[in-house]
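Per-entry structural report
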Amino acid sequence: GTEPVVVKVRLSDWTLSEDGALDLVPAGTTPASLLGKVQFEPHEFSLGAGESGQIHLTLTMPADGPATRWGVLLSEIRPAVVRTAGFGPRAIAELGTTLYLSRNAASQIRPEVTALDVRPVGGDSLSVTLRVRNAGERHFYVAGDIALADSSSSPVRKGPFGSGVVLPGGVRNFTWMSHAGLAPGRYLATATIDTGEPELTVGETVFVWPIPRTT
């Protein structure tokens, strides 16, 4: 930016819904909080126009308690000079850096596909919702795609379902939507999931199009 700012830094916990909605909560709220396990400095500093600053963190993993802990370091950015009129920065911004701390190696993740649901959307579209459970004690990120094939195994639709983290013991829903344009018949929906492991995880379900609507 072209104006000086003041940066204030704080630690926060966060939770995640099954549909991926993140909620910030005070540090120390969640069982897997990083409160007391992270030291950082400085807690407040100033930056001139075009300047950069660094925050130094030290994370300490205890020998007991949750195998994986997480939080977010929030940097609140305010204008150094409050302006009552005219141009210049007046809004407050807050940048977040997600932190994870784990005793478990990345090779110990345990992703599970627990459901793959196909539903009609409107008159000519469909959605495929993939449900992924984390049966392990370390977080992992999910990315991948959904593919549709007809009864002769010929591919008819394919697309990515987005990406996101699945926390230890948590469940996430990932939804892919597509214009159907399908002829009546039986189809196979296949979800191919990349969690960073050497092998991909695959989930499949068979459905009939058009899908009967439930009342």
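A short tour of the structure in this document, coming up. Computed from a prediction, not measured in an experiment: that's the story for all the values here. (Residues numbered from 1 in each chain as written. Predicted model: local features only at pLDDT ≥ 70, side-chain atom pairs only at ≥ 80, totals over all residues. Heavy atoms only, no water.)

Some remarks on the overall build of the protein chain
Summing up its helical and strand segments, the protein chain has zero helices and 15 strands in all. Computed over its C-alpha atoms, the radius of gyration of the protein chain comes to 23 Å, more than 25% above the 17 Å expected for a compact globule of 215 residues. Across its three principal directions, the C-alpha atoms of the protein chain cover 65 × 55 × 35 Å. Across the 215 residues in the protein chain, those meeting the buried criterion constitute 37%. By sequence separation, contacts in the protein chain at least 24 residues apart represent 61% of the contacts at least 6 residues apart. (Helix = DSSP H or I, 4+ residues; strand = E, 2+ residues; numbered from the N terminus. Rg over C-alpha atoms; globule rule 2.2 N^0.38 Å. Buried < 20%, exposed > 50% of the residue type's maximum accessible area, 1.4 Å probe, protein only. Contact = heavy atoms within 4.5 Å.)

Focus on the packing of aromatic side chains
Within a pair of aromatic rings, the relevant descriptors are the distance that separates the centres and the angle that separates the planes. Scanning the entire structure with this criterion turns up five aromatic pairs. Judged by centre distance (6.2 Å) and plane angle (85°), the rings of Trp-14 and Tyr-100 are edge-to-face. Taken together, the residues span a long stretch of sequence, with Trp-14 in strand S1 (residues 5-16) and Tyr-100 in strand S7 (residues 93-102) at a distance of 86 residues. Overall, Trp-14 belongs to the buried group, its relative accessible area being 3%. The class of Tyr-100 is partly exposed, set by a relative accessible area of 21%. (Phe/Tyr/Trp six-rings, centres within 6.5 Å; stacked < 30°, edge-to-face > 60°.)

As for the pairing of strand S10 (residues 140-150)
As judged from the three bridges shared by S10 and strand S12 (residues 164-166), these two strands associate in the antiparallel manner. The partner of Phe-140 across the bridge, within S12, is Val-166. As paired strands, S10 and strand S14 (residues 185-194) are joined by eight bridges and run antiparallel to one another. Bridging across to S14, Leu-148 finds its partner in Ala-189. As paired strands, S10 and strand S11 (residues 155-160) are joined by five bridges and run antiparallel to one another. When the sheet's bridge partners are listed, Asp-145 is paired in S11 with Pro-160. Where S10 folds back onto S11 in an antiparallel hairpin, the turn is made up of four residues, including Ser-153, whose phi is positive at roughly 70°. (Pairing = 2+ DSSP bridges.)

A word on the pattern of salt bridges
By the definition in use, this model includes four salt bridges. When the shortest N-O distance is used, the salt bridge between Arg-78 and Glu-76 registers 2.7 Å. The closest approach of N and O atoms between Glu-112 and Arg-133, which form a salt bridge, is 2.8 Å. Residue Glu-112 is located in strand S8 (residues 111-121), and its partner Arg-133 is located in strand S9 (residues 125-134); the two are separated by 21 residues in the primary sequence. The class of Glu-112 is partly exposed, set by a relative accessible area of 27%. Residue Arg-133 is classed as partly exposed on the basis of its relative accessible area of 33%. (Salt bridge = Lys/Arg side-chain N within 4 Å of Asp/Glu carboxyl O.)

So, the environment of Trp-14
When the C-alpha positions of Trp-14 and Leu-24 are compared, they lie 4.4 Å apart, and in sequence the two are 10 residues distant. Contact partners of Trp-14, with chain neighbours within four places excluded, come to Leu-22, Asp-23, Leu-24, Val-25, Thr-30, Trp-70, Gly-71, Val-72, Thr-98, Tyr-100, Val-165 and Leu-167. Polar contacts involving the side chain of Trp-14 include one to the main-chain carbonyl oxygen of Gly-71, which spans 3.0 Å. (Polar contact = N/O pair within 3.5 Å; in protein donor to acceptor, adjacent residues only side chain to side chain.)

Describing the side chain of Thr-190
Considering the arrangement of structural elements, one finds Thr-190 in strand S14. Taking the relative accessible area as the measure of exposure, Thr-190 reaches 16% and is therefore buried.

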